[in-house]
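Overview (structure and organization)
The residues making up each chain are set out below.
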Amino acid sequence: MYVRVVRFTDVSAERIEGLLASIKEADGPPPGVPTTGLEILFDQDQGTAVVLQLFDSAEDMRVGGEAFAAMDPTETPGTRASVDMCETKLELRA
């Protein structure tokens, strides 16, 4: 599995609520994004968010990353601070 990890700053609770509502209304990921999953982590005290976008392959992650990078900044939770393109090496869950 591959994970595109995006960190945002300047994130408000209202912005997260709006983003979550938009995602729930959508019929799936944005066009051209072959993602297999999504996780959004929000630290209200710091005003930051981390978005984990899951992909089956490095190529899918590259294609999805291009589509996300081209998005209008108003469709994101805040100011994009960093983007990491990672391969999952270990996943443990209880």
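This write-up is about the structure you can find in this document. (Residues numbered from 1 in each chain as written. Predicted model: local features only at pLDDT ≥ 70, side-chain atom pairs only at ≥ 80, totals over all residues. Heavy atoms only, no water.)

1. Observations regarding the overall build of the chain
The condition is simple: Secondary structure is summarised from DSSP: a helix means a run of H or I of at least four residues, a strand means a run of E of at least two, and numbering begins at the N terminus for each. Burial classes follow relative accessibility: with a 1.4 Å probe on protein chains only, a residue under 20% of its type's maximum area counts as buried, one over 50% as exposed, and anything between as partly exposed. Note on definitions: a residue-residue contact is assigned when non-hydrogen atoms from the two residues lie within 4.5 Å. Accessible surface is estimated by sampling points in the Shrake-Rupley manner with a 1.4 Å probe; for residues, cover comes only from the protein chains shown. For this count, His and the chain ends are skipped, Lys and Arg are scored as positive, and Asp and Glu as negative. Lysine's charge is taken at NZ, arginine's at CZ, aspartate's at CG and glutamate's at CD.
A tally of regular secondary structure across the chain gives 2 helices and 4 strands. Secondary structure of the chain in N-to-C order comes out as β-α-β-β-α-β. Its C-alpha atoms give the chain principal-axis dimensions of about 35 × 30 × 25 Å. Per-residue burial for the chain yields a buried fraction of 27% across its 94 residues. Restricting to contacts in the chain with at least 6 residues of sequence separation, those with at least 24 account for 74%. Of the roughly 6100 Å² that the chain leaves accessible, carbon and sulfur atoms contribute 53%. Here the chain carries 8 positive and 17 negative side-chain charges, and the mean point of each set is 4 Å from the other.

2. A word on the side chain of Thr48
With respect to the helices and strands, the residue Thr48 is situated in strand 3 (residues 48–55). Judged by relative accessible area, which is 11%, Thr48 ranks as buried. Other than its neighbours up to four places away in sequence, Thr48 contacts Arg7, Phe8, Thr9, Val11, Leu41, Phe42 and Asp43.

3. With respect to unusual backbone geometry
Positive phi, close to 60°, is recorded for Asp10, a residue that is not glycine. Looking at where Asp10 falls in the secondary structure, it is placed in the loop between strand 1 (2–9) and helix 1 (13–25). Residue classification places Asp10 among the exposed positions, given a relative accessible area of 62%.

4. Notes on the pattern of salt bridges
Heads up, the rule is: Here, a salt bridge means any Lys or Arg side-chain nitrogen found within 4 Å of an Asp or Glu carboxyl oxygen.
In this structure the tally under the stated criterion is 5 salt bridges. Its salt-bridge partner being Glu87, residue Lys89 comes within 3.4 Å of it at the nearest N-O pair. Classification of Lys89 by relative accessible area gives exposed; the value is 70%. Between Glu91 and Arg93 there is a salt bridge whose closest N-O contact spans 2.8 Å. Given the relative accessible area of 44%, Glu91 is considered partly exposed.

5. Considering the pairing of strand 2 (residues 37–43)
Where a strand is regular, its side chains alternate between the two sheet faces. Our working rule: Strand pairing is assigned whenever DSSP detects at least two bridges linking the two strands.
Pairing geometry for strand 2 and strand 3, over 7 bridges, is antiparallel. Residue Asp43 lies in a different strand from strand 3, and its bridge partner there is Thr48. Between strand 2 and strand 3, which pair antiparallel one after the other, the connecting turn spans 4 residues, and Gly47 there sits at a positive phi close to 70°.

Read these as spatial facts, not as claims about activity.
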